[in-house]
Amino acid sequence: MSSVLKDNPLDKMLLESYINESLLMLTLSDRKVYVASVLSLGEPTETTGMSETVEILPAMSGYRDKDTLCVDFTTDYNSIEEELSLTIRYADISQCTEFDFDIYSAINRSAEKPKKLYY
């Protein structure tokens, strides 16, 4: 699978999150943001790459401010007893980056709003 996905950075990042159970921060086209791990990917093909959706297990979610684009986290899914998975269309993902809670905490330790992410 990795040989099919190696040419697309988004595919590669999602696959690595799936394999390593690591967290990603996904920004969607509507400025909604999820910090999540990847639960499943569709079957890739050599001609079209990944399927149209990805299933994630969110840890936190929020949104990017329309003016500053800083992330304001509003929901902590870790406080919910049940696991809640979400399916997102690839076309809706506008940005994807690795996420690390230690870096998040260090960057935001001195921020006025503790849930605002300058990341």
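Reading the values: the criteria
Residues numbered from 1 in each chain as written. Predicted model: local features only at pLDDT ≥ 70, side-chain atom pairs only at ≥ 80, totals over all residues. Heavy atoms only, no water. Helix = DSSP H or I, 4+ residues; strand = E, 2+ residues; numbered from the N terminus. Buried < 20%, exposed > 50% of the residue type's maximum accessible area, 1.4 Å probe, protein only. Contact = heavy atoms within 4.5 Å. Areas by Shrake-Rupley, 256 points an atom, 1.4 Å probe, with all protein chains shown as cover. Phe/Tyr/Trp six-rings, centres within 6.5 Å; stacked < 30°, edge-to-face > 60°. Polar contact = N/O pair within 3.5 Å; in protein donor to acceptor, adjacent residues only side chain to side chain. Expected span 1.5 Å × (residues − 1). Arc of directions from axis to C-beta.

Draft legend 1. Seen up close, the overall build of the protein. When its secondary structure is counted, the protein shows three helices and seven strands. Listed N to C, the secondary structure of the protein is α-α-β-β-β-β-β-β-α-β in terms of helices and strands. Out of the 119 residues belonging to the protein, those deemed buried represent 38%. Long-range pairs, those at least 24 residues apart, make up 55% of the contacts in the protein between residues at least 6 apart in sequence. Of the accessible surface of the protein, which amounts to about 7400 Å², a share of 47% is contributed by carbon and sulfur atoms.

Draft legend 2. Representation of the packing of aromatic side chains within the structure. Tallied over the entire structure, the rule returns five aromatic pairs. Taking the centre distance of 5.1 Å and the plane angle of 85° together, the rings of Phe99 and Phe101 count as edge-to-face. Ring geometry for Phe99 and Tyr104: centres 5.7 Å apart, planes at 40°, overall tilted. Residue class for Phe99 comes out buried when judged on its relative accessible area of 7%. The structure contains a cluster of three or more aromatic residues connected by ring pairs, namely Phe73, Phe99, Phe101 and Tyr104.

Draft legend 3. Representation of the side chain of Thr27 within the structure. Positionally, Thr27 belongs in strand β1 (residues 24–28). Side-chain polar atoms of Thr27 contact the side chain of Arg64, separated by 3.1 Å. Once you skip the residues sitting within four places of it in the chain, Thr27 turns out to touch Lys32, Val33, Arg64, Asp92, Ile93, Ser94 and Gln95.

Draft legend 4. Helix α2 (residues 9–20), seen in detail. In this model, α2 (12 residues) spans 16 Å end to end at C-alpha, consistent with the 16 Å of a helix rising 1.5 Å per residue. Of all the residues in α2, the buried ones are Asp11, Leu14, Leu15 and Ser17. All buried residues of α2 project into a common sector of 160° when viewed along the axis, lining one side. Residues Pro9, Ile19 and Asn20 are exposed on α2 and point more than 90 degrees away from its buried face.

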